[in-house]
Structures are given as C-alpha cells and as structure tokens.
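Inside the fold
Here are the chains, one letter per residue:
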Amino acid sequence: MMAVDVTGWSYWPAPAKLNLFLHITGRRPDGYHVLQTVFRLLDWGDRIGLRLREDGRIHRDGPSVPGVAESDDLVVRAAIALQKASNCRQGADIRVEKHIPAGGGFGGGSSDAATVLVALNALWGTGLSEDALAAIGLQLGADVPVFARGRSAWAEGVGEKLQAIQLPPAWYVLVDPGVHVPTAELFRSPDLTRDAVPVKIADFASGTVLGNAFEPVLRRREPAIEAVFQALSGIGRARLTGSGSGCFVEFTTRAAAEQALAELPKELRAWVAAGVDRSPLLDALDTTGIV
C-alpha cells in the first residue's frame, strides 16, 4: 500500500510479473517481433518513493539499477514524458527501492516506470486517462502498458494489445539464476522459434498452452539457467518468464509453494510470491482518495 512519511515522500508498489507462456508468432515489417503471452502480476516487487518539487526538476534520489545513468533511467524518462504529455510544471524526486532482479524477466524496470506514471498522474493532478498513460508507457517499453493498466492480461502484438483476464489463485516459487542476457541479443538468436502457431485464450485456459520461446535458447546458452531447471524439476514443472533468466514453478496453495521452497538447495536465490489479478499499485491509489 501507499505510505507517506514526515519528510514528504510517498511510497508506491511496483509489482513484478510473470509470463505464464510466451510464443513468438511472426515479425512486423519494422523488425519487431509479434508475440502472444499472459502477464500475471505478483504481490511482490519494487517500491518507488516520490516527493513533489515546485521547480519542475526531475531528480533521481540515490541509485536505481547499477550502471544506469540518471538520464537513461526509465523512472526519470517516465516522469519527463508525463510532464511533456500533460504540460505539467511540477517536478519530483524519485527513489527506487529495488527487490526485483535486473534481467530476470520479472519486469522490474517497466513496472518502476509505470508506477511513476500512475502515481505522479495522481499526485500532480494531471488527470490523464488509463489509455493515455498506457500510450506514454509504450513509448518507454513494450511491457510498461500492462503495469500502467494494472491488471493481469492476455497480450498480443509486441505486448501492448491487452485484454484483462481473471486467473485462478496461484502461488509461485521464483528463482533468480543471476544471469543477465540482453533481450536484443536473444531476439537475434538463430535458434529462436519465430513462427509459432497463434493460439486463443481458450487454449491457454485449457492448460494446453505453456512454454516460452526463449527457454530452449537460454537453457542451451547459460549453464546456470539449466542448473536451476534441473533443481526445480524435483518440485514441479519449471518455466521461464519473459526474455530473462528468472524461473518459476506454479502451485495452487501457499502451503504447497512454501513446502516446495524448503526442499530446494539453500544456495538458490528463491522465494514465494502470490499471483494477483489487480495490481497492488491500483489498491494503493484507491487508499489515497486523490482520484
């Protein structure tokens, strides 16, 4: 939930996501790949601190992702994009409390940017619609719109064509192998399957559609990811999320997920998170009374 401290900082959740499957069905004339996926939002993620400024400046307070300059940081770019789109003269200080591992496919950078868009839209009183915020988010990255809209969704196109869906309750054992492979490099891989047959939501709901186009590529390329898959095979069916290295296994109860977590090798960076259909960010926004 959103929290405010005595120094004027408000704090907002930036939830992680999983791709419950990911197929690449083709490529557009501009070179972008066309995909189908289901985004599942989680009850765990980063936290964004915001403090309003009257001088119009956007300032990142402290580090975000190691090695990312302030001017290149998605949270800074998101705030500036919102200023321009709304002609807002207010500014903001931004803090990023990172919990989502970079390069894991859990959507950390995109979610951070979306939280800045949604929260500052409320705090600045700029009044942009959900559609407008999603459109700004798409300029920042293909995964930003799903976080800006704040609902688990069926996605097509480059990930921007979203249809909110309700999913059964589920808990996930998540593992971060600590491998960061640039997405652009993976998309160039000659081993990547780019012509999957398009499927429908009903196919996914039936349980017949799983898999991630990047999984075989990454498992062959990265021994650490293959090792995690082998470790997870003892507790269930391991899957990859997005184009990152993050792996997960799904369970129907928290107790089952916690028990499975306890059975994994202690050296793995693993934890449990719950799936949610509605983003904690929207819940936080509801508690403010701003909108």
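Residues numbered from 1 in each chain as written. Predicted model: local features only at pLDDT ≥ 70, side-chain atom pairs only at ≥ 80, totals over all residues. Heavy atoms only, no water.

Quick word on the packing of aromatic side chains
Formally: Stacked, tilted and edge-to-face are the three classes applied to pairs of Phe, Tyr and Trp rings, where Trp contributes its six-membered ring and a pair requires centres within 6.5 Å; stacked means planes under 30 degrees apart, edge-to-face means over 60, and tilted covers the rest. To qualify as a helix, a DSSP run of H or I must reach at least 4 residues; to qualify as a strand, a run of E must reach at least 2; elements of each kind are numbered from the N terminus. Exposure is judged per residue with a 1.4 Å probe applied to protein chains only, and the accessible area is read against the type maximum: over 50% gives exposed, under 20% gives buried, and values in between give partly exposed. Charge over a ring is defined by NZ of Lys or CZ of Arg lying within 6 Å of the ring centre and within 35 degrees of the ring normal.
Within this structure, the stated rule accounts for 8 aromatic pairs. A centroid spacing of 5.0 Å and a plane angle of 55° characterise the contact between Trp-44 and Trp-271, whose relative ring orientation is tilted. With a gap of 227 residues between them, Trp-44 in strand β3 (residues 33-53) and Trp-271 in strand β11 (residues 270-276) connect regions that are remote in the sequence. A relative accessible area of 18% places Trp-44 in the buried class. Aromatic rings pair up to connect Phe-21, Trp-154 and Phe-204 into one cluster. Looking at Arg-47, its charged tip hangs above the ring of Tyr-11, at a distance of 4.2 Å from the centre.

Let's talk about the pattern of salt bridges
A side chain with one charge may pair with a side chain of the opposite charge, provided their charged atoms come close. As a reminder of what qualifies: Counted as salt bridges are all cases of a side-chain nitrogen of Lys or Arg within 4 Å of a carboxyl oxygen of Asp or Glu.
As enumerated under the stated definition, the model contains 22 salt bridges in all. Across the salt bridge formed by Asp-131 and Arg-149, the nearest N and O atoms sit 2.8 Å from each other. Of this pair, Asp-131 sits in helix α3 (residues 130-140) while Arg-149 sits in helix α4 (residues 144-149), and the two are 18 residues apart along the sequence. The exposed category is assigned to Asp-131, whose relative accessible area is 51%. Given the relative accessible area of 23%, Arg-149 is considered partly exposed. Note that Glu-215 is salt-bridged to Arg-219, the shortest N-O span being 3.1 Å. Of this pair, Glu-215 and Arg-219 both sit in helix α7 (residues 215-221), 4 residues apart, which is roughly one turn of that helix.

Some details on helix α1 (residues 74-86)
The condition is simple: To estimate the expected span of a helix, subtract one from its residue number and multiply by 1.5 Å. Contacts described as polar in this section are N or O atom pairs within 3.5 Å, which, within protein, must combine one atom able to donate a hydrogen with one able to accept it, while residues neighboring in sequence count only if both atoms come from side chains.
For α1, with 13 residues, the first-to-last C-alpha span of 18 Å sits near the 18 Å given by 1.5 Å per residue. Two or three places before Val-75, at the start of α1, stands the capping residue Asp-73, its side-chain oxygen 3.1 Å from that residue's backbone nitrogen. Phi turns positive, to about 55°, at Asn-87, one or two residues after α1.

A closer look at the pairing of strand β2 (residues 10-27)
What counts here: Any two strands between which DSSP finds at least two bridges are classified as paired.
Among the 18 residues of β2, 16 are classified as buried, and the element is accordingly described as predominantly covered. Here 14 bridges tie β2 to β3, and the two strands are oriented antiparallel to one another. In the strand pairing of β3, Pro-13 is matched with Arg-47. The hairpin turn running from β2 into β3, its antiparallel successor, is 5 residues long, and Gly-31 in that turn takes a positive phi close to 95°.

Considerations on unusual backbone geometry
Negative phi values dominate among residues other than glycine, just as trans dominates among peptide bonds. The phi angle at Asn-87 is positive, at roughly 55°, despite the residue not being glycine. Residue position: Asn-87 is located in the loop between α1 and β5 (91-97).

Brief notes about the side chain of Asn-121
Going by this rule: Note on contacts: a residue pair qualifies if any of its non-hydrogen atoms lie within 4.5 Å across the two residues.
Take Asn-121: it is sitting in helix α2 (residues 108-123). Residue classification places Asn-121 among the buried residues on the basis of a relative accessible area of 10%. One polar contact links the side chain of Asn-121 to the main-chain amide nitrogen of Leu-128, over a distance of 2.9 Å. Not counting chain neighbours up to four residues away, the residues in contact with Asn-121 comprise Leu-82, Val-116, Thr-126, Gly-127, Leu-128 and Leu-133.

Looking at the packing of α1 against α2
The cut-off we apply is this: Axis angles are defined between N-to-C directions and span 0 to 180 degrees, where every axis is a line fitted to C-alpha atoms and, for a helix, only to the segment in contact. Less than a right angle of anticlockwise turn of the near helix away from the far helix marks a crossing as left-handed, whereas a clockwise turn marks it as right-handed. Only Asp, Glu, Lys and Arg are considered charged in this grouping, and only Ala, Val, Leu, Ile, Met, Phe, Trp, Tyr, Cys and Pro are considered nonpolar; every other residue, Gly among them, is considered polar.
Across the interface, α1 lies against α2 with an axial gap of 8 Å and an inter-helix angle of 35°. Note on packing geometry: the crossing formed by α1 with α2 is right-handed. Residues Leu-74, Val-75, Ala-78, Ala-79 and Leu-82 of α1 lie in contact with α2, whose contacting residues are Gly-109, Ser-110, Asp-112, Ala-113, Val-116, Leu-117, Leu-120 and Asn-121. Here the residues of the contact of α1 with α2 are counted per class, giving 9 nonpolar, 3 polar and 1 charged.

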